[in-house]
Amino acid sequence: MATSAQAQTLRFGLLDDPDALDPALSRGYTTRMVFAALCDKLVDIDAKLTIIPQLATEWSLSEDRKSITMKLRPGVTFHDGEKFDAAAVKFNLERYQTMPGSQRRSEIAALDTVEVVDPLTVKLTLKAPSAPFLAQLTDRAGMMVSPKAAAALGDKFATAPVCAGPFKFVERVAQDRITVEKFDGYWNKDNIFLKRIDFRTIPDSTVRLTNLRSGQLELMERLAATDLPEVKAQGKLKVGSTYELGYQAILFNTAKAGSVIGQDSRVRQAFDLAIDRVALNQVVFNGENMPGNQWVSPTNPFYVKDFPVPTRDVAKAKALLKEAGVTLPVPVTLMVYTTNEGQQVGQVVQAMAKEAGFDVKLQATDIGTALSYGDQGNFEAFLWAWSGRPDPDGNTYNFLGCKAAINYTRFCNEKAQAALDGQRLASSPRGRATAWQALAEVVLTENPMLYLYHRKLMWAYTPKLTGFTEANYPDGLVRFTGLKLD
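Residues numbered from 1 in each chain as written. Predicted model: local features only at pLDDT ≥ 70, side-chain atom pairs only at ≥ 80, totals over all residues. Heavy atoms only, no water.

## Some remarks on the pairing of strand S7 (residues 121-126)
Here is step 1: The sheet contact formed by strand S5 (residues 67-72) and S7 spans five bridges and is antiparallel. In the sheet register, Met-70 faces S7, and the bridge partner there is Val-122.
Here is step 2: Where strand S6 (residues 111-118) and S7 come together, six bridges link them in antiparallel fashion. Following the sheet pairing, Leu-111 is matched in S7 by Leu-126.
Here is step 3: Two successive antiparallel strands, S6 and S7, enclose a turn made up of two residues. (Pairing = 2+ DSSP bridges. Helix = DSSP H or I, 4+ residues; strand = E, 2+ residues; numbered from the N terminus.)

Structural data, given as structure tokens:
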């Protein structure tokens, strides 16, 4: 018998419009939130970031660490009624390897072959041991889409995605909403209590909060830190939070002709020293975020402690600019997202850098266009957000590897590449830590990326929504299993 919760729709306010609803092509953080409803993965993570079963129920690593054999969950079907099996896994992983424009190719670059052992057993053979490979399958690289639908729709799959998650796609209205409804054939349907989810794009955090307060939404992501004290004081809404696994950084295009800051690491070091990360956090985020200077936060076990968060030193920054022999002020065009937060951070950075001898001009750009400019190398500096992955490899390799898919900085260094490859091959945490140390020695000196802070991700929601616990969002993505609207 249907409960009242099952008869209701969860209206979820998103900060920006998701990009392509195809796991092979997607790059957007909010798109991953929609995928959390649509597309189950081979494996998932729990609140402690431990890898746990989802579509694969168990797995084993060969003695030489070059193959993973997975047992698959029986009785799983895609939203179109097609059976999920080992052949579907083979199809999906090979699609991620070969599809034009695939954003997953570099994530699973270690994969050599996929073998169907039997209908519910698949063997993944790697080119070489890869410590982070399994963790890659906890996100889009592990999402399974219907082979039949993918073959039929081709590069139009994103217009009508078919996966094996708890909800199936209904419709999309660009820049407005994406609607999904409960899939009655879902393998874990007894723990799905929502009938529909309406993902609504509302870029302004104040407007999202207003909609939540007025009952037009039941849940919103990225509550502004400046709104948190008032929300807590009023006591009418609930708040959930976690520190992101990723980071917020300024990327410098080291290949841009005529760019003073792109061409000289001393100038980038000076820019770094001009920034007061603690003050930035206080001014824009009410002190809620975590200042940082690496691809993982200072609380992460792989944080390289020999490179602590730097303190601001304007005098040293000026000395570096003098040593570099550049003409002052040094011009820098900084591309920022059109969000309130992006522009506020840009303005604070602009003011701080000015004191050291930089003339920063802000270029407000919508997220889709900014990512396109990143692909093209059509920028000088880019205030960029990365939502993060459970394994540090997912925060580094794609952006710092010489031939990586999202190496917007165009930075290529033999020692850095050797460290990136080394951490993948390492057989122990100590070996990986040594590789991260070697990477830090290059990247935190050359500064192709200037890591600023790690966001405290906050959700505000109506008290009518129950089951919303920390176990739901260890990676900043809401899991809808167990959520109810009373």
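From this point, the narrative continues.
## With respect to the packing of helix H14 (residues 414-425) against helix H15 (residues 429-446)
When two helices pack together, you describe them by how their axes are tilted relative to each other and by the distance separating the axes.
Here is step 1: The N-to-C vectors of H14 and H15 enclose an angle of 160 degrees; their axes lie 8 Å apart at closest approach. Judged on the interaxial angle alone, H15 and H14 are roughly antiparallel. Classified by chirality, the crossing of H15 by H14 is left-handed. In this structure, H14 uses Lys-415, Ala-416, Ala-419, Leu-420, Gly-422 and Gln-423 to contact H15, whose residues at the interface are Arg-432, Ala-435, Trp-436, Ala-438, Leu-439 and Val-442.
Here is step 2: Across the contact of H14 with H15, the residue classes tally to eight nonpolar, two polar and two charged. (Axes fitted to C-alpha atoms, helices over the stretch in contact; angles between N-to-C directions. Parallel < 35°, antiparallel > 145°, perpendicular 65-115°, else oblique. Left-handed = near helix turned anticlockwise from the far one by under 90°. Contact = heavy atoms within 4.5 Å. Nonpolar A, V, L, I, M, F, W, Y, C, P; charged D, E, K, R; others polar.)

## Observations regarding the nonpolar core
Here is step 1: Residues Phe-12, Met-70, Phe-84, Leu-137, Ile-197, Phe-199 and Phe-480 are the most contacted members of the largest nonpolar core, which totals 70 residues.
Here is step 2: Counting residues per element, this core draws most heavily on helix H1 (residues 29-38), which supplies six residues.
Here is step 3: With sequence-adjacent residues up to four places away left out, Phe-12 is seen in contact with Met-33, Ile-197, Asp-198, Phe-199, Arg-200, Leu-217, Leu-219, Met-220, Glu-221, Trp-459, Val-478 and Phe-480.
Here is step 4: The next biggest cluster of nonpolar side chains, apart from the first, holds 46 residues, and it includes Leu-228, Phe-271, Leu-320 and Tyr-453. (Core = buried A, V, L, I, M, F, W, Y, C linked by side-chain atoms within 4.5 Å. Buried < 20%, exposed > 50% of the residue type's maximum accessible area, 1.4 Å probe, protein only.)

## A short note on the confidence of the model for the protein chain
Here is step 1: With 99% of its residues at a pLDDT of 70 or more, the protein chain has an overall mean of 95.
Here is step 2: Predicted confidence for residues 1-6 stays below pLDDT 50, and this span has 12 contacts to residues more than four positions away or in other chains. (pLDDT = per-residue confidence, 0-100.)

## A closer look at the pattern of salt bridges
Here is step 1: For the structure on display, the rule yields 31 salt bridges.
Here is step 2: Residue Arg-104 pairs with Glu-107 through a salt bridge whose shortest N-O separation is 2.9 Å. For the pair Arg-104 and Glu-107, one class covers both residues: buried.
Here is step 3: Salt-bridge contacts for Lys-361 lead to Asp-359; the nearest nitrogen and oxygen are separated by 3.0 Å.
Here is step 4: What emerges from the salt-bridge pattern is a single network uniting Lys-41, Asp-44, Asp-475 and Arg-479. (Salt bridge = Lys/Arg side-chain N within 4 Å of Asp/Glu carboxyl O.)

## Points about the pairing of strand S17 (residues 381-386)
Here is step 1: Most of S17 sits out of view: five of its six residues are buried.
Here is step 2: Alignment of strand S13 (residues 247-252) against S17, held across six bridges, turns out to be antiparallel. Its bridge partner being in S17, Gln-248 is matched across the sheet by Ala-385.

## Some points on the environment of Arg-105
Here is step 1: Structurally, Arg-105 can be placed in the loop between helix H2 (86-98) and S6.
Here is step 2: Take Arg-105: its relative accessible area is 36%, and that puts it in the partly exposed class.
Here is step 3: C-alpha of Arg-105 to C-alpha of Ala-404: the two residues are 299 residues apart in sequence and 9.5 Å apart in space.
Here is step 4: Other than its neighbours up to four places away in sequence, Arg-105 contacts Tyr-96, Gln-97, Thr-98, Met-99 and Pro-100.

## Regarding helix H12 (residues 367-376)
Here is step 1: Buried within H12 we find Ala-370, Leu-371 and Gly-374. Summarising the axial view, the buried residues of H12 lie within an arc of 100 degrees, below the 170-degree limit, and thus occupy one face.
Here is step 2: On its buried side, H12 packs onto strand S15 (330-337), strand S16 (358-365) and S17.
Here is step 3: Residue Asp-366 occupies the N-cap position of H12, its side-chain oxygen lying 3.2 Å from the main-chain nitrogen of Gly-368.
Here is step 4: Gly-377 lies just past H12 and shows a positive phi near 75 degrees. (Arc of directions from axis to C-beta. Polar contact = N/O pair within 3.5 Å; in protein donor to acceptor, adjacent residues only side chain to side chain.)

## Some words on the state of the cysteines
Here is step 1: Under the definition given, this model contains two disulfides.
Here is step 2: Between the sulfur atoms of Cys-39 and its disulfide mate Cys-163 the distance is 2.1 Å. Since a negative S-S torsion denotes a left-handed disulfide, the Cys-39-Cys-163 link at about 50 degrees is right-handed. Of this pair, Cys-39 sits in the loop between H1 and strand S2 (43-45) while Cys-163 sits in the loop between helix H4 (147-153) and strand S8 (167-173), and the two are 124 residues apart along the sequence.
Here is step 3: Overall, Cys-39 belongs to the buried group, its relative accessible area being 2%.
Here is step 4: Shown here is the disulfide that connects Cys-402 with Cys-412, its sulfur atoms set 2.0 Å apart. Residues Cys-402 and Cys-412 share a disulfide whose torsion about the S-S bond is about 90 degrees; that sign makes it right-handed. Of this pair, Cys-402 sits in the loop between helix H13 (397-400) and H14 while Cys-412 sits in the loop between H13 and H14; the two residues are 10 residues apart in sequence, bridging distant segments of the chain. (Disulfide = S-S within 2.5 Å.)

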